[in-house]
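Analysis of the macromolecular model
Residues per chain, in single letters:
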Amino acid sequence: MWGIWARTVVKVGMAKPCGLVKPVSATRIAGRYLAHQEGLPCLPAPALQQTCERYLAVLEPIVEAEQLNRTKELVAEFQKAGGVGERLQNALERRAHKTDNWLSDWWVQVAYLEYRMPVVVHSSPGVVLPRMEFNNRQGQMRYAAKLIAGVLDFKTMIDNETLPVEYSGGKPLCMNQYYEVLSSCRIPGLKRDSVVNHARSSRPPTHITVVHNFQFFVLDVYNSDGTPLTADQLYVQLEKIGNASLQTNEEPIGILTSQHRDTWGKAYANLIKDKTNKESVAAIQRSIVTVCLDAPMPRVSDDMYRSCAALQMLHGGGSRWNSGNRWFDKTLQFIIGEDGTCGLNYEHAPAEGPPIVALIDHVVEYTKKPELVRTPMVPLPMPRKLRFNITPEIKEDIEKAKQNLNTMVQDLDMRVVVFDHFGKNLPKAHKMSPDAFIQMALQLAYYRLHQRCCSTYESASLRMFRKGRTETIRSASIDSANFVKAFDDPSKQNTEKVALMQKAVKAHRSYTDRAIRGEGIDRHLLGLKLQGIEDQVSMPDIFTDSSYAVALHYKLSTSQVPAKTDCVMCFGPVVPDGYAMCYNPRNNHINYAVSTFNSCKETNAAHMAQAMEEALVDMRNLLEQTPRAKL
């Protein structure tokens, strides 16, 4: 049930990722990270009355009037003096005083580690990079070598604590997530998973895992003197791996990680009973990152290429293609196809989008540079192949995983669009927030398809606070509802429509600003509910009320992921009858990805992608046809 939050990907209204090409300093600045973190404020607990009022305002466009009246009574009862709401609020404020961040530990557990759906499609996002210009194994290995060198370059900044601090509106942001994404991995459990971060161990890992034709290899990426291998050295090592894994009939052990978490938890316990298997799995979990050297994906038309590439990044295309060439529990998996299809998949528990995007920007920039370092002429050891002993029981688990994954693959529909009519420069020219403008287009597209408004999730970053994760921006508001209902009404004048658009955009911008400052409603309500569970209070009626269920049923799950690289992030819907929409607004175009489930007859990714394009164009036309003097 908490999986509705498992899609919190990214920053809104944030500073651009740093994307520096070279580490700022080659020497370690010990203690710099800790000193920075300690200077950040703790996340406040918002005022109870404020949250209750805003909660009712959020419900107005998405629930029926009768239902809303019932909820108003429950909210009044909840927040009355001396009532259960006040008691929970006081307990939450005490927690906020005692901890760095009253939310973050709860959040990771509830949104991710206790969420039992497969991480594939349901939680882990994919990122599609621009198609590379190689189409053979040698080009694949050359690019992979440069990419790995770029990751190690970024890792030097993390290790030396020289990563430039990011700012938003002049305020420093929490950098903690950057220290969580390398050398980390999710570990399946029977009822709850965990995340292990080996970067903090006394002997941090010095290897990556490379997977080719479903076979895993340990590749040491540092020389004996502690310097990272150069791209030329890495290429030699990757060639050795390629030549040692030409056979394509190996059991796809990695496909087990795509299962429902309880199923995988049981299979995992069985898999690691064997000493060899346990050691091989530990080597994958400990590795800095995983690099997946994929076989070419099925050939498709040029207009469907990006959409199919997005599916490769999300799930690998199925058991006949590249889905077995993964370890989906790994925080970072870079995917490099022999046909030039590249990107990554990341496990969501340790971090949101910003550190991932900053890493991507850095690595992509790095791959474009000529190598300046002279390659040492030293023989390198053969990368070690990881062995797995496949018992009949494990073989059966693999077959079940293949079937379940293929069902998921069949069910997910995806459309990636490069909208080239305009980019973020257009709304800026009209003094509108590009993010709010795109979100209003999305509200209009949904309304045109379904003739109603729905609960909408957009993630906002709480990184202004120590260990901050995310808050919900509620894009569906009274103002957005008034705008979308008036847009196609022939009785309304253009000037009135523009005024309603401006009001809706401003309302969204102001909600975003409040959310970033820790004054959103969703995490506060969740905190009050979890506090009640912890204090063994009988569940307050507002949390069992049908309005709360409607509010949390996000038929539109959305995220803005701005990047310097011309990429797009993608993920699956968070409810069976929903859409997922992720977008990267560029100056003169917008990349966006829309996904739906084929099993739902009410939703269709191609229809939504088309409706989104039409909404954006129609909003532009309205602005350009309406004289500025009257705005």
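Residues numbered from 1 in each chain as written. Predicted model: local features only at pLDDT ≥ 70, side-chain atom pairs only at ≥ 80, totals over all residues. Heavy atoms only, no water.

1. With respect to the overall build of the protein chain
- In terms of helices and strands, the protein chain carries 20 helices and 18 strands.
- For 631 residues, the compact-globule formula gives about 25 Å, and the C-alpha radius of gyration of the protein chain, at 25 Å, lands near that figure.
- Projecting the C-alpha coordinates of the protein chain onto the three principal axes gives extents of approximately 75 × 55 × 50 Å.
- Within the protein chain, the proportion of its 631 residues that are buried is 63%.
- Across the protein chain, contacts joining residues at least 24 apart in sequence account for 77% of those joining residues at least 6 apart.
- Carbon and sulfur atoms form 51% of the exposed surface of the protein chain, whose accessible area is close to 24,700 Å². (Helix = DSSP H or I, 4+ residues; strand = E, 2+ residues; numbered from the N terminus. Rg over C-alpha atoms; globule rule 2.2 N^0.38 Å. Buried < 20%, exposed > 50% of the residue type's maximum accessible area, 1.4 Å probe, protein only. Contact = heavy atoms within 4.5 Å. Areas by Shrake-Rupley, 256 points an atom, 1.4 Å probe, with all protein chains shown as cover.)

2. Structural notes on the nonpolar core
- Among the nonpolar cores identified, the biggest contains 61 residues, and Ile-208, Val-221, Leu-238, Val-289, Val-291, Leu-332 and Phe-334 are the most heavily contacted of them.
- Excluding residues that lie within four positions of it along the chain, Val-289 makes contacts with Val-151, Leu-182, Ile-208, Thr-209, Lys-330, Leu-332 and Phe-334.
- Membership of the second largest hydrophobic core comes to 50 residues, among which are Val-75, Ala-460, Ile-516 and Ala-551. (Core = buried A, V, L, I, M, F, W, Y, C linked by side-chain atoms within 4.5 Å.)

3. Description of the sheet that holds strand E1 (residues 126-128)
- Read from one edge of the open sheet, 8 strands run E11-E7-E6-E8-E9-E10-E1-E16, paired in mixed fashion. Both edges of this open sheet fall to strand E11 (384-385) and strand E16 (568-570), since each of them pairs with a single strand only.
- Bridging between strand E6 (residues 207-212) and strand E7 (residues 215-220) involves 6 bridges; their strand directions are antiparallel. Paired with Ile-208 across the bridge in E7 is Leu-219.
- Across the sheet, helix H6 (residues 137-159) touches E6, strand E8 (290-294), strand E9 (332-337) and strand E10 (342-346), and the angle it forms with E9 is around 155°.
- The strands touched by helix H9 (residues 275-286) within the sheet are E6, E7 and E8, with E6 carrying the most contacts at an inclination of about 110°. (Pairing = 2+ DSSP bridges. Axes fitted to C-alpha atoms, helices over the stretch in contact; angles between N-to-C directions.)

4. What to know about the environment of Glu-53
- Among the secondary structure elements, Glu-53 is positioned in helix H2 (residues 48-59).
- Its relative accessible area of 47% is what places Glu-53 among the partly exposed residues.
- Sequence separation between Glu-53 and Thr-375 is 322 residues, and the spatial gap between their C-alpha atoms is 64 Å.

5. Some words on H6
- Taking 1.5 Å per residue as the helical rise, H6 with its 23 residues ought to reach 33 Å, and the 32 Å between its terminal C-alpha atoms agrees with that figure.
- Within H6, 19 of the 23 residues are buried, leaving the element largely enclosed by the surrounding structure.
- You can read the cap of H6 off the contacts: a side-chain oxygen lies 3.3 Å from the backbone nitrogen of Gln-138, and it is on Asn-136.
- Glu-161 occupies a position one or two residues after H6 and carries a positive phi of about 60°. (Expected span 1.5 Å × (residues − 1). Polar contact = N/O pair within 3.5 Å; in protein donor to acceptor, adjacent residues only side chain to side chain.)

6. As for the state of the cysteines
- Inspection of the entire model under this criterion finds 0 disulfides.
- As a non-bridged cysteine, Cys-600 has Cys-454 as the owner of its nearest cysteine sulfur, 12 Å distant.
- Its relative accessible area of 11% is what places Cys-600 among the buried residues. (Disulfide = S-S within 2.5 Å.)

7. Describing the side chain of Asp-411
- Along the chain, Asp-411 turns up in helix H12 (residues 392-411).
- Not counting residues within four places of it along the chain, the set of residues in contact with Asp-411 comprises Thr-596, Phe-597, Asn-598 and Ser-599.

8. What about the packing of helix H14 (residues 434-450) against helix H15 (residues 478-487)?
- One can describe the packing of H14 onto H15 by two numbers: an axis separation of 9 Å at closest approach and a directional angle of 55°. Viewed along their axes, H14 and H15 adopt a mutual orientation that is oblique. Classified by chirality, the crossing of H15 by H14 is right-handed. Across the interface between the two elements, Met-440, Gln-443, Leu-444, Tyr-447 and Arg-448 from H14 touch Ser-480, Phe-483, Val-484, Lys-485 and Phe-487 from H15.
- Here the residues of the contact of H14 with H15 are counted per class, giving 6 nonpolar, 2 polar and 2 charged. (Parallel < 35°, antiparallel > 145°, perpendicular 65-115°, else oblique. Left-handed = near helix turned anticlockwise from the far one by under 90°. Nonpolar A, V, L, I, M, F, W, Y, C, P; charged D, E, K, R; others polar.)

9. Structural notes on the pairing of strand E5 (residues 194-197)
- Here 4 bridges tie strand E4 (residues 184-187) to E5, and the two strands are oriented antiparallel to one another. Bridging across to E5, Arg-186 finds its partner in Val-195.

10. Observations regarding the pattern of salt bridges
- Under the definition given, this model contains 37 salt bridges.
- Residue Lys-402 is joined to Glu-399 by a salt bridge in which the shortest nitrogen-to-oxygen separation is 3.2 Å. With Lys-402 and Glu-399 both in helix H12, this residue pair falls 3 residues apart, about one helical turn.
- Residue class for Glu-399 comes out partly exposed when judged on its relative accessible area of 30%.
- Measuring nitrogen to oxygen at the nearest pair gives 3.6 Å for the salt bridge that ties Arg-517 to Glu-519.
- Taking relative accessible area as the criterion, Arg-517 reaches 39% and is therefore assigned partly exposed. (Salt bridge = Lys/Arg side-chain N within 4 Å of Asp/Glu carboxyl O.)

11. As for the confidence of the model for the protein chain
- When pLDDT is averaged along the protein chain, the result is 91; 94% of the residues meet or exceed 70.
- This model gives residues 1-25 a pLDDT under 50, and the stretch forms 120 contacts once residues within four places in sequence are excluded. (pLDDT = per-residue confidence, 0-100.)

12. Quick word on the side chain of Thr-209
- Along the chain, the position of Thr-209 falls in strand E6.
- Look at Thr-209 and you get buried, because its relative accessible area is 0%.
- Only 2.8 Å separates the side chain of Thr-209 from the side chain of Thr-290, close enough to count as a polar contact.
- Residues in contact with Thr-209, not counting those within four places in the same chain, are Phe-217, Ala-283, Ile-284, Ser-287, Val-289, Thr-290, Val-291 and Leu-386.

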